[in-house]
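# Remarks on the overall topology
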Amino acid sequence: ASSVHAPGRRARRLVEEAHYRAQRGNYFYEEVTALRSLAYSGQEQDDLDLQLDVAQRARAAAIRYELSFLEVEATAVYADALMRRGRWDAAEDLVSDNIGSHANADVHMTRVLGLVRLRRGRTGGRENLHRAWALAVESREIDYLLHVATALAEASWLQGGIDKEQADEFRELVDRGVRHEF
């Protein structure tokens, strides 16, 4: 992606190098972790082609090496990419089949499920997003919190408004993310 800033390009090259070395050295966990990191970078940098491709490769490698928890995390990133591509049926099917498999991935899967249902006007979307928020708050992970806050802001926009308390909470969260250079 040409819009990726220089530190992002350098970081991506380092992760690609780590993947190459892990693959050559038969370090299976590290290989899948590097692929998963590259898929997340595609998500963060709005490079859907990279996200889709690398998430699929991470899932395949995790299956091949029997690293089920990494498979589920890669599946969550892949489901997000499908949703962002407008392939809502595939995204919803994927998360429905995998939700509950791993706590870390459940934050993302519940968020994806909530957004797909909300965008389609189906019931349960807002409830899924509130569940994703509860999981994100419990995790105390800034990346989970920011992704779910963004989804809840979209939900509020689609459904006609956000309350002041929630807006203030999200503003503080974004400020915290900026302070930590997220």
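Thresholds, definitions, all that
Residues numbered from 1 in each chain as written. Predicted model: local features only at pLDDT ≥ 70, side-chain atom pairs only at ≥ 80, totals over all residues. Heavy atoms only, no water. Core = buried A, V, L, I, M, F, W, Y, C linked by side-chain atoms within 4.5 Å. Buried < 20%, exposed > 50% of the residue type's maximum accessible area, 1.4 Å probe, protein only. Helix = DSSP H or I, 4+ residues; strand = E, 2+ residues; numbered from the N terminus. Contact = heavy atoms within 4.5 Å. Expected span 1.5 Å × (residues − 1). Arc of directions from axis to C-beta. Salt bridge = Lys/Arg side-chain N within 4 Å of Asp/Glu carboxyl O. Axes fitted to C-alpha atoms, helices over the stretch in contact; angles between N-to-C directions. Parallel < 35°, antiparallel > 145°, perpendicular 65-115°, else oblique. Left-handed = near helix turned anticlockwise from the far one by under 90°. Nonpolar A, V, L, I, M, F, W, Y, C, P; charged D, E, K, R; others polar. pLDDT = per-residue confidence, 0-100. Phe/Tyr/Trp six-rings, centres within 6.5 Å; stacked < 30°, edge-to-face > 60°. Lys NZ or Arg CZ within 6 Å of the ring centre and 35° of its normal.

What follows concerns the nonpolar core. With 50 residues, the main nonpolar core has Val 112, Leu 129, Trp 133, Val 148 and Leu 173 as its most contacted residues. Top contributing element to this core by residue count: helix α4 (residues 68-84), with 10 residues. Excluding residues that lie within four positions of it along the chain, Leu 129 makes contacts with Arg 111, Gly 114, Leu 115, Leu 118, Val 148, Ala 151, Leu 152 and Ala 155.

Our next topic: helix α9 (residues 164-179). The periodicity of an α-helix, 3.6 residues per turn, causes residues three or four places apart in sequence to face the same way. Taking 1.5 Å of rise per residue, the 16 residues of α9 would be expected to cover 22 Å, and the 22 Å separating its terminal C-alpha atoms lies within 8% of that figure. For α9, the complete set of buried residues consists of Gln 166, Ala 167, Phe 170, Leu 173 and Gly 177. Viewed along the axis of α9, the buried residues span an arc of 125°, placing them on a single side of the element. Structural note: α9 exposes Lys 164, Glu 165, Val 178 and Arg 179 on the side pointing more than 90 degrees away from its buried face. In this structure, the buried residues of α9 make contact with α7 (125-139) and α8 (142-158).

Another point: the pattern of salt bridges. Under the counting rule described, the total for this entry stands at 14 salt bridges. For the salt bridge of Asp 53 with Arg 57, the shortest nitrogen-to-oxygen distance reads 3.3 Å. One end of the pair is Asp 53 and the other is Arg 57, both in helix α3 (residues 48-64) and four residues apart, which spans about a single turn. A relative accessible area of 36% places Asp 53 in the partly exposed class.

Before going further, it helps to examine the side chain of His 108. In this fold, His 108 is placed in helix α6 (residues 103-119). A relative accessible area of 3% means that His 108 is categorised as buried. In this structure His 108 touches Tyr 40, Ala 76, Tyr 144 and His 147, once residues within four positions along its chain are discounted.

Position of Asn 98 among the secondary structure elements: in helix α5 (residues 88-98). Judged by relative accessible area, which is 17%, Asn 98 ranks as buried. Setting aside its immediate chain neighbours within four residues, Asn 98 contacts Thr 75, Asp 106 and Met 109.

Attention now moves to the packing of α4 against α5. It is at 7 Å that the axes of α4 and α5 come closest, and there the two elements cross at 160°. In terms of their interaxial angle, α4 and α5 are classed as roughly antiparallel. Here the hand of the crossing between α4 and α5 comes out left-handed. Note on element contacts: α5 touches α4 through Trp 88, Ala 90, Ala 91, Leu 94, Val 95 and Asn 98, opposite Thr 75, Tyr 78, Ala 79, Leu 82 and Met 83. For the contact of α4 with α5, the per-class residue count stands at nine nonpolar, two polar and no charged.

Averaged over all residues, the pLDDT of the protein chain is 86; the fraction at 70 or higher stands at 94%. Across residues 1-6, confidence stays below pLDDT 50; counting only partners more than four residues off in sequence or on other chains, it has six contacts.

This model, assessed by the stated rule, comprises two aromatic pairs. With centroids separated by 4.0 Å and ring planes inclined at 20°, the aromatic side chains of Phe 28 and Tyr 65 adopt a geometry described as stacked. Of this pair, Phe 28 sits in helix α2 (residues 28-44) while Tyr 65 is found in the loop between α3 and α4, placing the two residues 37 residues apart along the sequence. Residues Tyr 29 and Phe 69 carry aromatic rings whose centres are separated by 6.2 Å and whose planes lie at 35° to one another, so their mutual orientation is tilted. With Tyr 29 in helix α2 and Phe 69 in helix α4, this residue pair connects regions lying 40 residues apart in the sequence. Here Arg 64 stacks its cationic end above the ring of Tyr 65, 4.9 Å away from the centre of that ring.

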